Amino acid sequence: MFELTRLPGPGALRAARPEGRAPSFSGFRGWSSARKMKSYQKLTTAVPQPAACGLEEEGAAPKAACRGKLAPWWVGSGLLVAAVLLSAVTVWVLRQVSRGWHVPAPPPKCLLVPESHRFDCYPETRVVVTQELCESRGCCFIETPLPAGGKRGVPWCFYPRDFPSYALQSLNQSALGMVGRLVRRQKAYYPRDIETLRLDVEFETDTRLHLKITDAANPRYEVPLEVPQATKRAENPIYSVELSRDPFGVLLRRRATGTVLLNTTVAPLIFADQFLQISTALPSPFLYGLGEHRSSLLHSLDWSTLTLWARDVSPAESFNLYGAHPFYLVMEQGGDAHGVFLLNSNAMEVALQPAPALTWRTIGGVLDFYIFLGPDPNMVIQQYQQVIGFPAMPPLWGLGFHLCRWGYGSSNETWQTVKALRNYQIPQDAQWNDIDYMNGYRDFTFDPEKFASLPSLVEDLHKHGQRYVMILDPGISSTNPHGSYWPFDEGLRRGLFINTTQGQPLIGQVWPGFTAFADFSNQDTHQWWLENLQRFHAQVPFDGLWIDMNEPSNFLDGSEDGCPPGDLESPPYMPAVLGDSLSAKTVCVSAKQSISVHYNLHNLYGLMEAKATASALVQIRGKRPLVISRSTFPSQGRYSGHWLGDNRSQWKDMYYSIPGLLSFSLFGIPLVGADICGFSGSTSEELCTRWTQLGAFYPFARNHNTQNEKAQDPTAFSPAARTAMKDVLLTRYSLLPFLYTLFHRAHLQGDTVARPLFFEFPQDVTTYGMDRQFLWGRGLLVTPVLEPGADSVMGYFPRGVWYDFYTGSSVNSSGETLKMSAPLDHLNLHVREGAILPTQKPGITTEASRGNPLRLIVALSQSATAWGDLFWDDGESLDTFERGSYSYLVFNVTQNIFTSTVLHASAEATYVTIDTLRIFGVRERPNKVILNGQEKPFSYLDPQVLTVSNLGLSLSQGFSLRWL
C-alpha cells in the first residue's frame, strides 16, 4: 500500500524581505517587475504583494507607474527574517561545536537559504567541491551531512539570492504575445556565456503557453521537429504570466486557482554556449515523466538527478537509458495537472529537490518550453501530443501476441515453435527473429544454411493469418570485399554514413564487426534504406521491423580511432551520463551528420531511423507499418512503438515494467511493452506465468528471450502453466475490439491506452503514487501479482462500483485497498461502473478473431447508466479514418434501455454481428427483455447479471434493447 505524507508547505518560508509580485498580464499590457528585486524569491505558491513597478505600453514609449506598501507587512517580514536567521545560525553553530569549532561562519545571506531550497552551484560529478572552488564561482559553501548509500544530498555549494543573472531590459508586444531582451551585465562562470538573449512569450492557445529563450544575435542549433505554428494570440487563456525584471524570471499562474506553476526566479538563469540552466519551483511534489529511466512512476524529489542521453545499457535504476523525453507532468493540489516540455535534443539532466523544485541543465541548443495547462492529466497529455504529433494507428495484428528469442538457431527451430503454439491453440499473431537469422550479423541478409527455409516459414505464417518481424541494426558492416555487400558499397558511394571530423565514414564496432553508421538525418539515406529493404523483402516478405541498437550503440567508445579532442567531446560541463563521456559506447559526438554534428543529433537517432523505417514499410507493403524501436524521442509515436529493452527474468523487473509502460503513455508512445518473462537470465514457471498475465495487458505484448537460456514460450511449461498462459492470452484477444478502439482514440486525439489510476481519479491523492495497477482506458482495471509465492493480491479500488470482469460480482468502494484471491491461474480484472466494453469471441490470430461475433459487457453505474464506443475497420489499410473507411458506434444505457448508435458505417461492419449482451448491476430480475420491439429470451443470475444471447445483429445496424 502507498502512504502519502504531506510535505511542509513552502508558505512557511516566506520571503526574507519585500519581494515583487508583478501584476498579471491581462491582455499583455506591458510588463512588470519587482522594485529593487535583487534577491531571488523563495519557493512560494502564494507570492507576497510588496512595492511594485508596472510599465504600460503606450505606443513606443512605455510609461512607468509605481506604488508602495509599508508596515505591517514589513514588520512581519522583519520578524520572520530574524527568526529564520537565528534558527539557521543556531543549527550551524551546533554542527561546528560537534566538529571542534574551527570553520569561519558563512555569511548571513547563505545561512538564510533553507536546505531544501539550495540550488546547486557546482553540479559537476566526480569533483570534490571545496570551499575555494565554490567561492570562486561566487557561491555559498556550507557542508551538510552526506546521505547514506552514496546518494546526492543537500548541495554544499549553492547560489546566494543575490547571484548575478539576466535582467529584462525591454519588452514589446508581438502578434502572439511578447518579445523581450535579456541582458547579463556580469559574466557567468562557464565559457562563452551569451550576454544578450531574446525572449519570446507566445500565448498559443487558451491551454498552451510557449516560452523560448535564445541568443539574440546569432542562430543556434534547434531541434528539427515539426511543431504547430500558432497564427493568432489566445483569447481566453486559463493562465497568466508575470515577468520580473531584475533578476529576470517568469511566474506562470493558473487563473482559476492562483497556483504558481512556474517560478524561475528561484535561481539564476545561465545561458552559455555549452551550458544552459534554468530552475523553477514546483507547486507540489507529485512529478512524473522525464524519461527514459527505470524508476517508480512518481519521481522522488529527494535530491535526485535524471540524465537524458540515449544509451545502450540493460535497464538499471540510476542510469540514463535508451531514449530521451524532456517532458514532465505535475499533479497540483486540488487535482489539476500541468505539463512542461523542453524541446531540446542535447545531453541534459534534470535535478529534483524537495523544495519542491526542478533545474534543467542542457549543454546545447536553446531553451524552448511548451507548458500545457490541462487542467486534468488526460488533457495535459492530449495537449502535449498536439505539439509533438499524435501516435500512428497500429495494424490490428500488432496488438496480438508476439513471440521471439535470440538463439532459435535456425528457421526450422523457429518454425517448430510456431507449430507448437498452433498445436495447443495458443494465440499468436507474429513470429520474430533476432540477429541470429542474419548471415554474419549483416543487415539485409539471412544465413543461407541455418535459415535456408526462412522464406518458406514466412509463407507458412501468411497462410495461417500470421506475420513475420525481424530485427535490423543501423550499423552496416564495413569489412566485406568491395562489390560483395551492396548496402555498404552503395551507402559509401552515395555518402550516406556518419563521418568523422575529417570527412571519412566513422567506423565503430557492433555485431558484424567493424561498421559504419547510417546517417538518418540525410533524406537520401531514407531512400537507400528503402531500397535495401525492398531488395530483402523480395526474398523474405516480412511484415514489420524491429529496429535495435539505435542510440546508436557501439561496442567501442567513439570509433576505432577514438575521438578528436575538443569542446564537443569534452564540454565545459559534462552531464551525469553513464560512462562519464558523451561518446561512451556510441559514436563520437564530434562526428558530422547531414544537418548538424552528432553532439546535437544523438538523442534523435532512433526517431530519425524510425521515420525512415515506417516510410519504407508503407512504400513496400502499402499497409499500416509496425515498427518497434529501442531508442525514442518526442514524436516517435507517429512512427513506432517501443519495448523497454533488455530486462532480466526477475520479479522486480516485472514490477518496473508497469511504471515503464505508463511513462511512455505520458510520452505519446502508447504501443509499448516489456519482454514478457524477461530477456536475460533464466525465468521460472511461476514468474513466467505471472508475467504472461501482466504482459497480456501490455499494449504491445511480446515474449522475448536471450540465447543460451531455456525456452520460455508458453509451450515450454507444464500443462497447468501452459493453460493459464493460454487463457489469459485468449482474454486479451477477446478484448481486442476494446483495445483497438483505445488506440483509435490515441491516434485521433492523444488519449492514453494504458493509463495510471490518477488520470481517472485526479481528486484521489492516494492514486498519485500507484504503479502496481493500471487501467486500460477509463474502464478496465488490471491488478497483477508481482511477488513470488502469492495466492492473493492487494489492490486499490477508487471510489465507486467495480465489477469482476469474469463474473460480474461487484464491490462498492469508498476508496479502499482490498485483498483478492489470486491463484496462479487467475489475473484480477475489474470493470469500472459506467463503462461498456466491446469484446469478441477470441480466435488464435487477430485475423481469425475479426470475423467472430461481438460480446458487449455493460457495467451499470449507481444511477443505472453506461457508455462505450467501438471503432472498426479492416485492421491494416492506411488512413482508414481519414478516408472514411471505418465504422464507429456509440453504446449508451439509460433508464433500462441499451442503445447502439451507428455514427459512421463502412462495408467491414456488415461482416460482423453482435451476439451477446451482458449487463452487470441489474438490481432486479426483469420480467421481459425487448429487442427492437420484439421480446427476447434472457438469463438473470446472481450476482445481478442480465445476459441476452443469440442476438444476431449486424454491427452496421443500430438497435435498442429494453428490460422491464
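Along every chain, residues carry numbers that run from 1 in the direction the sequence is written. Residues qualify for local features only when their pLDDT is at least 70, as the model is predicted, and side-chain atom pairs are given and counted only at 80 or more; totals for whole chains, interfaces and linings, by contrast, use all residues. Hydrogens are left out, water is left out, and the side-chain values use all remaining heavy atoms of the structure.

1. Focus: the overall build of the protein chain
And step 1. Looking only at helices and strands, the protein chain has 17 helices and 53 strands in total.
And step 2. Considering only contacts in the protein chain between residues 6 or more positions apart, those separated by 24 or more positions represent 70%.
And step 3. A 1.4 Å probe and the Shrake-Rupley method give the accessible areas. Residues count as covered only by the protein chains that appear here. A total accessible area of about 34,500 Å² is found for the protein chain, and carbon and sulfur atoms account for 51% of it. Secondary structure elements are taken from DSSP: a helix is a run of H or I of four residues or more, a strand is a run of E of two residues or more, and numbering for both begins at the N terminus. Contacts: residue pairs with any heavy atoms within 4.5 Å of one another.

2. Side note on the sheet that holds strand β48 (residues 929–931)
And step 1. Across the sheet, six strands lie side by side as β44-β45-β46-β53-β48-β49; this open sheet has antiparallel pairing. Two strands close off the open sheet at either side, each with one partner strand: β44 (866–872) and β49 (934–936). Adjacent strand axes in the sheet meet at a mean angle of 20° when their direction is disregarded.
And step 2. Bridge count for β44 against strand β45 (residues 887–894) is seven bridges, and the pairing is antiparallel. Bridge pairing in β45 links G868 to F891. If DSSP finds at least two bridges between two strands, the strands pair. Axis definition: a line fit to C-alpha positions, over the contact stretch in the case of helices; interaxial angles, taken between N-to-C directions, run 0 to 180 degrees.

3. So, the side chain of R702
And step 1. Examined against the element boundaries, R702 turns out to sit in strand β33 (residues 701–703).
And step 2. Here a polar contact is recorded for every N or O atom pair within 3.5 Å, except that within protein the pair must consist of a potential hydrogen donor and a potential acceptor, and residues adjacent in sequence are included only if both atoms are side-chain atoms. Here D675 takes part through its side chain, which lies 2.8 Å from a polar atom of the side chain of R702.

4. Regarding the nonpolar core
And step 1. Ranked by size, the top nonpolar core spans 237 residues in total, and within it L329, W360, Y437, F697 and F898 carry the most contacts.
And step 2. For F898, the residues in contact, after removing those within four places along its chain, are I836, L856, V858, F891, N892, V893, L917, F959, S960, L961 and W963.
And step 3. Only buried residues count toward a nonpolar core, which is a set of Ala, Val, Leu, Ile, Met, Phe, Trp, Tyr and Cys residues joined through side-chain atoms within 4.5 Å. In this scheme, a residue with accessible area under 20% of its type's maximum is buried, one over 50% is exposed, and one in between is partly exposed, where area comes from a 1.4 Å probe on protein chains only. Counting residues in hydrophobic clusters, the runner-up holds 29 residues, among them F119, F141, V266 and A272.

5. Focus: the packing of helix α8 (residues 523–537) against helix α10 (residues 605–621)
And step 1. Orientation of α8 relative to α10, taken along the N-to-C sense of each, is 45°, at an axis distance of 9 Å. Here α8 is positioned oblique relative to α10, judged by the angle of their axes. In the packing of α8 onto α10, the handedness of the crossing is right-handed. Every residue of α10 that contacts α8 at H526, W529, L530, L533, Q534 and H537 is listed here: M608, E609, A612, T613, A616, Q619, I620 and R621. Orientation categories follow fixed angle ranges, with anything under 35 degrees roughly parallel, anything over 145 roughly antiparallel, 65 to 115 roughly perpendicular, and all other angles oblique. In a left-handed crossing the near helix is turned counterclockwise from the far helix by less than a right angle, and in a right-handed crossing that turn is clockwise.

6. Some words on the packing of aromatic side chains
And step 1. Stacked, edge-to-face and tilted labels apply to pairs of Phe, Tyr and Trp rings (six-membered ring for Trp) whose centres lie within 6.5 Å, assigned for plane angles under 30 degrees, over 60, and everything in between, in that order. A full pass over the atoms with the stated rule returns 46 aromatic pairs.
And step 2. Measuring from centroid to centroid gives 6.2 Å for Y190 and Y573, while their planes differ by 80°, and the two rings are edge-to-face. In this pair, Y190 is assigned in the loop between β7 (177–184) and β8 (196–205) and Y573 in the loop between β28 (544–547) and α9 (598–601), connecting sequence segments 383 residues apart.
And step 3. Aromatic pair F758 and Y768: ring centres 6.0 Å apart, planes at 65°, arrangement edge-to-face. Within this pair, whereas F758 is found in helix α15 (residues 757–760), its partner Y768 is found in the loop between α15 and β35 (774–776), the two being separated by ten residues in sequence. Of the two residues, F758 and Y768, both sit in the buried class.
And step 4. Within the aromatic cluster, the residues linked to one another by ring pairs are F444, F488, F497, F520, W528, W529 and Y605.
And step 5. Here, a charge over a ring means that NZ of Lys or CZ of Arg falls within 6 Å of the ring centre while also lying within 35 degrees of the ring normal. Against the face of Y485 rests R442, its NZ or CZ located 6.0 Å from the ring centre.

7. Remarks on the packing of helix α13 (residues 719–734) against helix α14 (residues 736–749)
And step 1. One way to put it is that α13 packs onto α14 with a least axis distance of 5 Å and a crossing angle of 55°. By the angle class used here, α13 and α14 are oblique. Where α13 abuts α14, its residues R732, Y733 and S734 lie against L736, P737 and L739.

8. Side note on a nonpolar patch on the surface
And step 1. Together, Y441, W511 and F555 make up a nonpolar patch on the protein surface, roughly 250 Å² of accessible area in all.
And step 2. Looking at the secondary structure, you find W511 in the loop between β26 (508–510) and β27 (513–517).
And step 3. Look at W511 and you get partly exposed, because its relative accessible area is 31%. Residues form patches when they are more than 30% accessible in relative terms and have no salt bridge. Like charges link within 9 Å. Nonpolar side chains (Val, Leu, Ile, Met, Phe, Trp, Tyr) link within 5 Å. Between Lys or Arg on one side and Asp or Glu on the other, a salt bridge is scored when a side-chain nitrogen of the former is within 4 Å of a carboxyl oxygen of the latter.

9. A look at the environment of Y122
And step 1. By the secondary structure assignment, Y122 is in the loop between α2 (108–111) and α3 (131–136).
And step 2. On the basis of relative accessible area, Y122 is assigned to the buried category, the value being 12%.
And step 3. In this view, Y122 contacts V127, V129, L133, C134, R137 and C157; residues no more than four positions away in its chain are not counted.

10. Section: the environment of T501
And step 1. Position of T501 among the secondary structure elements: in the loop between α7 (486–494) and β26.
And step 2. Looking at T501, the relative accessible area reads 29%, which means it is partly exposed.
And step 3. The sequence separation of T501 and Q593 amounts to 92 residues, and the corresponding C-alpha distance is 9.9 Å.
And step 4. Not counting the four nearest positions on each side in its chain, T501 is found in contact with P564, S590 and K592.

11. What to know about the confidence of the model for the protein chain
Any segment with low pLDDT has predicted coordinates that should not be analysed in fine detail.
And step 1. pLDDT is a per-residue confidence score from the predictor, ranging from 0 to 100. Residues of the protein chain with pLDDT of at least 70 account for 89%, and the chain-wide mean is 91.
And step 2. Considering only residues more than four positions removed or in separate chains, one finds that residues 89–94, a stretch of pLDDT under 50, has nine contacts.
And step 3. For the stretch residues 96–101, pLDDT sits under 50, and the model shows five contacts to residues farther than four places along the chain or on other chains.

12. A closer look at empty space enclosed by the protein
And step 1. The definitions used throughout rest on a 1 Å grid laid over the protein atoms alone, on which a cavity is an enclosed set of points accommodating a 1.4 Å probe that cannot get out and a pocket is an open set flanked by protein within 12 Å on both sides along at least five of seven lines; lining residues are those having an atom within 4 Å of a point. Grid points are joined across faces, edges and corners, and a volume is the space filled by probe spheres set on the points. Per the counting criterion, the structure on display carries nine cavities of 30 Å³ or more.
And step 2. Of the voids in this model, the largest cavity is the one considered here, and its volume is about 220 Å³.
And step 3. Contributing to the lining of the largest cavity are 22 residues, with H293, R294, L644, Y656 and G660 lying nearest its centre.
And step 4. Elements with a minimum of two residues in the lining of the largest cavity: β15 (286–291) and α11 (651–666).
And step 5. Sort the elements by how many residues they give to the lining of the largest cavity and α11 lands first, with seven residues.
And step 6. Here the term charged refers only to Asp, Glu, Lys and Arg, the term nonpolar to Ala, Val, Leu, Ile, Met, Phe, Trp, Tyr, Cys and Pro, and the term polar to all other amino acids, Gly among them. When its residues are assigned to classes, the lining of the largest cavity shows nine nonpolar, ten polar and three charged.
And step 7. Here the second largest cavity is characterised by a volume of approximately 140 Å³.
And step 8. If you list the elements that add at least two residues to the lining of the second largest cavity, you get β9 (208–215), β14 (275–281) and β21 (367–372).

13. Examining the environment of Q353
And step 1. For Q353, the position within the fold is in strand β19 (residues 348–353).
And step 2. Linking Q353 and P285, residues 68 residues apart in sequence, is a C-alpha distance of 9.1 Å.
And step 3. Apart from the residues within four sequence positions on either side, Q353 is in contact with S116, H117, R118, F119, L301 and W303.

14. Here we look at the pattern of salt bridges
And step 1. Per the stated rule, a full pass over the model turns up 41 salt bridges.
And step 2. One salt bridge connects D200 with R198, and the closest N-O pair in it is separated by 2.7 Å.
And step 3. In this structure D200 comes out as buried when scored by relative accessible area, which is 10%.
And step 4. The class for R198 is partly exposed, based on a relative accessible area of 38%.
And step 5. Each of D312, D548, E551, R630 and D646 takes part in a single network of salt bridges with overlapping partners.

15. Examining the sheet that holds strand β22 (residues 401–403)
And step 1. Pairing is parallel in the open sheet, where nine strands are placed in the order β31-β30-β29-β28-β24-β23-β22-β33-β32. In this open sheet, the two edge strands, each paired with only one partner strand, are β31 (672–673) and β32 (675–676).
And step 2. α10 contacts β24 (467–472), β28 and β29 (627–629) of the sheet and is inclined by roughly 165° relative to β28.

16. Digging into the state of the cysteines
And step 1. For this text, the term disulfide refers to a pair of cysteine sulfurs within 2.5 Å. This model, assessed by the stated rule, comprises five disulfides.
And step 2. Bridging C121 to C139, the disulfide has an S-S length of 2.0 Å. A torsion of 70° about the S-S bond marks the disulfide between C121 and C139 as right-handed. Of this pair, C121 sits in the loop between α2 and α3 while C139 sits in the loop between α3 and β4 (140–141), and the two are 18 residues apart along the sequence. With respect to class, C121 is no different from C139; both count as buried.
And step 3. The disulfide partner of C134 is C157, and the S-S distance across this bridge is 2.2 Å.

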